[in-house]
Amino acid sequence: MSTIAPSSTRTAPAVTWDVDDGIATVVLDLKSQPVNVISRAVKDEFLACFAALGDDARVRAVAFFSGKADNFIAGADIEEFVKLGSAAEAERLAADGQEMLEGVARFPKPIAVGIHGACLGGGFEFALACHYRVATDHPKTQIGLPEVQLGILPAAGGCQRLPRLVGARAGLDMILAGKTERAAKAFRLGMVDELVPPAILAEITLAAARRMAGGWRPRRKRPGGFVGFLLDGNPLGRRLVFRMARKQVLERTAGNYPAPPAALEAVAYGLRHGMAEGLRREAQLFGQLAVTDVSRKLVQIFFATNQLKKDPGVANAPPAVRVHRLGIIGSGFMGSGIAGTAVAQAEVDVRMKDADLGRVAQGTLAARAILDDRLKRRRITKYEYARLVALLSGSDTYAGFGRAELTIEAVFEDLAVKQEVLREVAQVLPQDGVFASNTSTIPITRIAEAAHDPERVIGMHFFSPVAKMPLLEVIPGARTSPQTISTAVAFGRRLGKTVIVVQDSPGFWVNRILAPYPNEVGHLLAEGASIEDIDSMAVRFGFPVGQVTLLDEVGLDVAVKVAGVMQEAYGDHIIPAPGSGLAALVKAGRLGRKSGRGFYIYKGGKKRGVDESVYGLLGVHPNGGPRPAEILQRLLLGMVNEAARALGEGVVRNPRDGDIGAIFGFGFPPFRGGPLRYADDLGAERVVADLERLAERHGVRFTPCEVLQEHARQGTKFYS
Ligand SMILES: NC(=O)c1ccc[n+]([C@@H]2O[C@H](COP(=O)([O-])OP(=O)(O)OC[C@H]3O[C@@H](n4cnc5c(N)ncnc54)[C@H](O)[C@@H]3O)[C@@H](O)[C@H]2O)c1
């Protein structure tokens, strides 16, 4: 086996190779890290390795593999990327990477690459530079260019090589959305040449290297058939593709994210002016993007989510109990969503219980719909679908709950009902079985009063729709044991959720910081603002939907209930607008999207427009109202103030969890970093001054909380 002398910072070499019968088998394995990433040190080893292989007369072709069990190359080293001080430095880094991969692409001896596990970003750009790509059909093999999600673009030739390989249409689709695809889709798109079971990856890759050593070269047809030819194969079609992509990017980013339009420019420029010029432009644009505030914020979120993935949620956590069977009580909207997600994501055996068999059947169908959707989108095969569907079962008794390591209740939002089901199920649960409540408003400690064993009772607050919403709040009660916490956190993570552990206080974190919303919307409408004005300001700021639409999505009945709880708990500053407000809409049967009518009208699942009769029901008249900038300021600062207050009370453990909760819980614009990061950017002094001005005009609901005042006095920030 050959190696390169290790760099001073690493003990073992990352790149090693053997030569056998004219074929060099190269293996990348960063021994000190769980996954392979491409850093400067790795690049040096790559360069030295390829130089040696170039000189070695025995070598006629190369087969390249990862030494990691389930990872190919996760991307470029982000730690290195964040240290970049200037656009010029970033551009140089990209140009270096491009040069290395140009060397790979032009390497005189053909290179076949065997891909198993994540092959992302710089890892896929490397694979693109190689001459033949074989991938395993394993679900862990995910291939793509997610760079725009970090506010940058693929800058090691990805914006050039991918569109040339798969056509502009498919290339742009991947790059502009920062998509990753399972290997089967990547194969269909032409991103890889062969799809094989993991057991024969090495054999097939070596065979390809051998064939190429004998002079064979892959002949690739442009994927996409006749339509592909029309759109990608001629300048006119291509112009149409770019025009459509530009329109979509503008719609999706609302001008807030510079990376997708820059990536579009890099692709277009390269196809117009050739590879060399395209690479130059790609590096230049990368340099500009790398130092933007948007990219910094997105990278911070990336790091925060990664930290949370390793965070057991409690200090000195005992190991989590592994859940094999999940019990669900209440197979309604949330219960069925949790059941379907648990089967699809964690492949656990799920047993549902509801009051009667009709509801259980309905719940099973709703849970199954999550699997149907995955099958339709080819995320799972028919075989996997059949296997997963068989994991779902239910009845109107607790039969089968005796083996459930975890049971989640999602029955009506009523303390007595929740305590009742806790008492019932406790009779059959295994000795160390955990009971979790999906309550939105009831204190976990109160529910746990019905338990013999409150150490094993906890809150798991999912968001709707469960299959899509990425956040889970885990709420320990006063007596919940550390192991119960780590079990709930670990299971939440298996469901693919980002998990934050929050205090057992009214509204927990997300509903707490949203608490000022419905009231402020009421105040604004009463002052003559229109529904469209309120929503459009929020969307312009970067929220996926405006505050009024959010109320419709949550359900006005749910919002009224939560608002009541919040007002009771925080009545000193959560102050509803005069009049009957949301309750009047609920009374008139307008529950939001789910009933086809709320503030807006919904037809065939689509939002149609504002229901003008709402103004009459609320007794208000849109007549201009406050200035748009003031609308936004009142909504935002109300939330920032509440977030700071709740953080001060210890509702979340740190600003990181708080910001992640806001971003993943209700779509606070990621490029602004979350409400606390946003407050830091404005500066506490300014936030306090603005709040004081608003308090003077509108009352105590805007009085700045003590935490903000303290930061303003000391000139400190939430993030040091
Ligand atoms: N809807 C949301 O957006 C949302 C979000 C987060 C949390 N939650 C919480 O989730 C819980 C359920 O809400 P939902 O929207 O799914 O309600 P839902 O009305 O759709 O479902 C409740 C289900 O519980 C069943 N049920 C009631 N009593 C029962 C009992 N004794 N035994 C077995 N089943 C029983 C009902 O038959 C019904 O099927 C509530 O606590 C709610 O606050 C809801």
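Rules used in this analysis
Residues numbered from 1 in each chain as written. Predicted model: local features only at pLDDT ≥ 70, side-chain atom pairs only at ≥ 80, totals over all residues. Heavy atoms only, no water. Helix = DSSP H or I, 4+ residues; strand = E, 2+ residues; numbered from the N terminus. Buried < 20%, exposed > 50% of the residue type's maximum accessible area, 1.4 Å probe, protein only. Contact = heavy atoms within 4.5 Å. Pairing = 2+ DSSP bridges. Axes fitted to C-alpha atoms, helices over the stretch in contact; angles between N-to-C directions. Near = heavy atom within 4 Å. Polar contact = N/O pair within 3.5 Å; in protein donor to acceptor, adjacent residues only side chain to side chain. 1 Å grid on protein atoms, 1.4 Å probe; cavity = no way out; pocket = protein on both sides within 12 Å on 5 of 7 lines; lining within 4 Å. Points joined across faces, edges and corners; volume = space filled by probe spheres on them. Nonpolar A, V, L, I, M, F, W, Y, C, P; charged D, E, K, R; others polar. Parallel < 35°, antiparallel > 145°, perpendicular 65-115°, else oblique. Phe/Tyr/Trp six-rings, centres within 6.5 Å; stacked < 30°, edge-to-face > 60°. Expected span 1.5 Å × (residues − 1). Core = buried A, V, L, I, M, F, W, Y, C linked by side-chain atoms within 4.5 Å. Disulfide = S-S within 2.5 Å.

Draft legend 1. Here's a closer look at the side chain of Asn519. Here Asn519 is to be found in helix α21 (residues 516-526). Assessed through its relative accessible area of 10%, Asn519 is described here as buried. When neighbours within four sequence positions are excluded, Asn519 is seen to be in contact with Ile574, Ile575, Pro576 and Ala577.

Draft legend 2. Structural view of the sheet that holds strand β9 (residues 118-120). Spatially, the 4 strands line up as an open sheet ordered β6-β9-β11-β12, and their pairing is mixed. Unpaired on one side and paired on the other, β6 (71-73) and β12 (180-182) mark the two borders of the sheet. This sheet shows a mean twist of 20° between the axes of neighbouring strands, independent of strand direction. Pairing of strand β11 (residues 142-144) with β12 involves 3 bridges; the strand directions are antiparallel. Pairing of Gln142 across the sheet is with Arg182, part of β12. Of the strands in this sheet, β6, β9 and β11 touch helix α4 (residues 122-129), which is tilted by about 85° from β9.

Draft legend 3. How the structure looks around the site of the ligand. Near the ligand you find 22 residues, and of these Met334, Asp354, Arg359, Glu413 and Lys418 are the closest. Backbone polar atom of Phe333 to an oxygen atom of the ligand: 2.9 Å apart, as the coordinates give it. With respect to the ligand, the backbone of Met334 contributes an N or O atom lying 2.7 Å from an oxygen atom. The element that contributes the greatest number of residues to the shell around the ligand is helix α17 (residues 415-426), accounting for 3 residues.

Draft legend 4. A look at empty space enclosed by the protein. Counted by the stated rule, this structure contains 3 cavities of 30 Å³ or more. The volume enclosed by the largest cavity comes to roughly 100 Å³. Taken together, Pro516, Asn519, Glu520, His573, Ile574, Ile575, Gly638, Asn641, Glu642, Arg645, Arg701 and Phe702 make up the lining of the largest cavity. The set of elements that each furnish at least two residues to the lining of the largest cavity consists of α21 and α27 (628-648). The greatest single-element share of the lining of the largest cavity, amounting to 4 residues, is contributed by α27. Residues of the lining of the largest cavity, tallied by class, amount to 4 nonpolar, 4 polar and 4 charged. In this structure, the second largest cavity is lined by Tyr517, Phe543, Val545, Gly546, Gln547, Leu550 and Phe666. Considered class by class, the residues forming the lining of the second largest cavity number 5 nonpolar, 2 polar and no charged.

Draft legend 5. Region of the structure containing the packing of α27 against helix α29 (residues 675-682). Across the interface, α27 lies against α29 with an axial gap of 9 Å and an inter-helix angle of 110°. In terms of their interaxial angle, α27 and α29 are classed as roughly perpendicular. Note on element contacts: α29 touches α27 through Pro675, Leu676, Tyr678, Ala679 and Leu682, opposite Leu636, Leu637, Met639, Val640, Ala643, Ala644 and Leu647. In terms of residue class, the contact of α27 with α29 is built from 12 nonpolar, no polar and no charged.

Draft legend 6. Highlighting the packing of aromatic side chains. Throughout the structure, instances matching the rule amount to 16 aromatic pairs. For the ring pair Phe46 and Phe126, a centre distance of 5.1 Å and an interplane angle of 75° mean the geometry is edge-to-face. With Phe46 in helix α1 (residues 40-55) and Phe126 in helix α4, this residue pair connects regions lying 80 residues apart in the sequence. Neither residue differs from the other here; Phe46 and Phe126 are each classed as buried. Judged by centre distance (4.9 Å) and plane angle (75°), the rings of Tyr257 and Phe671 are edge-to-face. Of this pair, Tyr257 sits in the loop between α10 (235-253) and α11 (259-273) while Phe671 sits in the loop between α28 (655-666) and α29, and the two are 414 residues apart along the sequence.

Draft legend 7. Quick peek at helix α19 (residues 482-494). An ideal rise of 1.5 Å per residue puts 18 Å on 13 residues; α19 measures up with 18 Å between its terminal C-alpha atoms. Those residues of α19 that sit buried are Thr484, Ile485, Ser486, Thr487, Ala488, Val489, Phe491 and Gly492. At the exit of α19 stands Gly496, carrying a positive phi of roughly 85°.

Draft legend 8. Summary view of the nonpolar core. Counting 87 residues, the largest nonpolar core has Trp509, Ile531, Ile534, Phe599, Phe666 and Phe668 as its most contacted members. Among the elements that take part in this core, α27 stands out by supplying 11 residues, more than any other. If we skip the residues at most four places from it in the chain, Trp509 touches Glu473, Ile500, Val502, Ala643, Ala646, Leu647, Val651, Val652, Gly658, Gly661, Ala662 and Leu676. Counting residues in each nonpolar core, the second largest holds 79 residues, with Phe46, Val113, Ala170 and Ala268 among its members.

Draft legend 9. How the structure looks around the state of the cysteines. Evaluation of the coordinates by the stated rule reveals 0 disulfides. Cys49 takes part in no disulfide bond, and the closest cysteine sulfur, belonging to Cys130, lies 11 Å away.

Draft legend 10. Up close: the side chain of Thr305. Inspection of the secondary structure assignment puts Thr305 in helix α13 (residues 293-310). Overall, Thr305 belongs to the buried group, its relative accessible area being 13%. A polar contact of 2.4 Å, which involves the side chain of Thr305, links it to the backbone oxygen of Ile301. Within the structure, Thr305 has its side chain in polar contact with the backbone oxygen of Phe302 (distance 3.3 Å). In contact with Thr305, not counting residues within four places along its chain, are Thr498, Ile660 and Phe664.

Draft legend 11. Representation of helix α6 (residues 168-177) in the model. In terms of residue burial, α6 counts as a mostly covered element, since 7 of its 10 residues are buried. Of all the positions in α6, only Ala168, Ala170, Gly171, Leu172, Met174, Ile175 and Leu176 are classed as buried. After α6 finishes, the residue Gly178 shows a positive phi value of roughly 65°.

Draft legend 12. Spotlight on the environment of Gly190. With respect to the helices and strands, Gly190 occurs in the loop between α7 (183-189) and β13 (194-196). Counting along the chain gives 92 residues from Gly190 to Glu282, while the straight-line C-alpha distance between them is 23 Å. Not counting the four nearest positions on each side in its chain, Gly190 is found in contact with Leu165 and Val166.

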